[in-house]
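# Close look at the chain arrangement
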Amino acid sequence: MIEPVYIGLGSNLGDSENTISDAVNALSESADITINAVSSLYKSAPMGPKNQPDYFNAVCEISTSLDPIELLDLCQNIESTHGRERKGERWGPRTLDLDILLYSTNTINEERLTIPHAGIAQREFVLVPLFELAPTLIMPDGRPIAKWVADCSLDGLSRLR
Ligand code: ROI
């Protein structure tokens, strides 16, 4: 299916800016993915434990012929290539996080994958870059993304470039 899919990128360990641009390049190297747009880069205060560095966040829009689980596998491979370790610490710092935020208008509830990504409504570091790319997007609950942004605290978020 070739319909817009949105991927959230986050990093707060190492050279986060480079890691995020490398991750976009890695996605674009897949024959099954076209990058349509990449948001500005944002800096955001950590959600969860505060004793970790600020995060860099961005969102990209892709078209892909991969199904959601194939795309998840690819994202997890790219995370591993960038030194991501899954140590089980909940909401700890990470070199790279790639989250499938939206996969067209699909709702998915599987063991490995929840789409829309859980917690998206509280995450200004996801909603604001997503809004930048798709200001007229209708979210899976039928409400416009502008309403989701309006209902979300924007404290601690800044746009870098
Ligand atoms: N906080 C911010 N600001 N940005 C993230 O990408 C991010 N990712 C996470 C948790 C630990 C929830 N906090 C975050 O996974």
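Summarised in this report is the structure supplied together with it. (Residues numbered from 1 in each chain as written. Predicted model: local features only at pLDDT ≥ 70, side-chain atom pairs only at ≥ 80, totals over all residues. Heavy atoms only, no water.)

The subject of this paragraph is the overall build of the protein. When helices and strands are counted, the protein shows 4 helices and 8 strands. From first element to last, N terminus to C terminus, the protein shows the α and β order β-α-β-β-β-α-β-β-β-α-α-β. Against the compact-globule benchmark of 15 Å for 161 residues, the protein has a radius of gyration of 15 Å, which places it among compact chains. Each principal axis of the C-alpha atoms in the protein carries an extent, and together these give about 40 × 35 × 30 Å. Counting only residues that meet the buried cut, the protein has 47% of its 161 residues in that class. Within the protein, contacts between residues separated by at least 24 positions form 67% of all contacts whose residues are at least 6 apart in sequence. Of the roughly 8,200 Å² that the protein leaves accessible, carbon and sulfur atoms contribute 49%. When the 13 basic and 23 acidic side-chain charges of the protein are each reduced to a single mean position, those positions are 7 Å apart. (Helix = DSSP H or I, 4+ residues; strand = E, 2+ residues; numbered from the N terminus. Rg over C-alpha atoms; globule rule 2.2 N^0.38 Å. Buried < 20%, exposed > 50% of the residue type's maximum accessible area, 1.4 Å probe, protein only. Contact = heavy atoms within 4.5 Å. Areas by Shrake-Rupley, 256 points an atom, 1.4 Å probe, with all protein chains shown as cover. Lys, Arg positive; Asp, Glu negative; His and termini not counted. Charge placed at Lys NZ, Arg CZ, Asp CG, Glu CD.)

Quick look at the pattern of salt bridges now. Summed over all chains, the structure comprises 4 salt bridges. One salt bridge connects Arg-94 with Asp-97, and the closest N-O pair in it is separated by 2.8 Å. With respect to class, Arg-94 is no different from Asp-97; both count as buried. Residue Arg-143 pairs with Asp-151 through a salt bridge whose shortest N-O separation is 3.3 Å. The class of Arg-143 is partly exposed, set by a relative accessible area of 32%. (Salt bridge = Lys/Arg side-chain N within 4 Å of Asp/Glu carboxyl O.)

What follows is about the site of the ligand. Around the ligand lies a shell formed by Ser-44, Ala-45, Pro-46, Met-47, Tyr-55, Asn-57, Trp-91, Arg-94, Asp-97, Arg-123 and Phe-125. Here Asn-57 contributes a side-chain N or O atom positioned 2.8 Å from an oxygen atom of the ligand. In the model, an oxygen atom of the ligand is placed 3.5 Å from a nitrogen or oxygen of the Asp-97 side chain. Contact with the protein chains covers 96% of the free accessible surface of the ligand, which is 350 Å². Along the lines of polarity and charge, the residues of the shell around the ligand split into 6 nonpolar, 2 polar and 3 charged. (Near = heavy atom within 4 Å. Polar contact = N/O pair within 3.5 Å; in protein donor to acceptor, adjacent residues only side chain to side chain. Nonpolar A, V, L, I, M, F, W, Y, C, P; charged D, E, K, R; others polar.)

A few words on the nonpolar core. As a rule of thumb, nonpolar side chains are buried together in soluble globular proteins. Of all hydrophobic cores here, the largest spans 25 residues; its most connected members are Ile-7, Leu-9, Ile-62, Leu-71, Leu-98 and Ile-100. Of all the secondary-structure elements, those providing two or more residues to this core are β1 (5-11), α1 (16-29), β4 (55-64), α2 (68-81) and β5 (97-103). Excluding residues within four positions of it along the chain, Leu-9 makes contact with Ile-20, Ala-23, Val-24, Phe-56, Asn-57, Ala-58, Val-59, Cys-60, Asp-97 and Leu-98. Of all hydrophobic cores here, the second largest spans 20 residues; its members include Tyr-42, Val-126, Val-128 and Trp-148. (Core = buried A, V, L, I, M, F, W, Y, C linked by side-chain atoms within 4.5 Å.)

The subject of this paragraph is the environment of Ser-28. Within the secondary structure, Ser-28 sits in helix α1. Taking relative accessible area as the criterion, Ser-28 reaches 37% and is therefore assigned partly exposed. Between the C-alpha atoms of Ser-28 and Pro-140, which are 112 residues apart in sequence, the distance is 26 Å. Beyond its immediate chain neighbours, meaning those up to four positions away, Ser-28 contacts Ile-33 and Ile-35.

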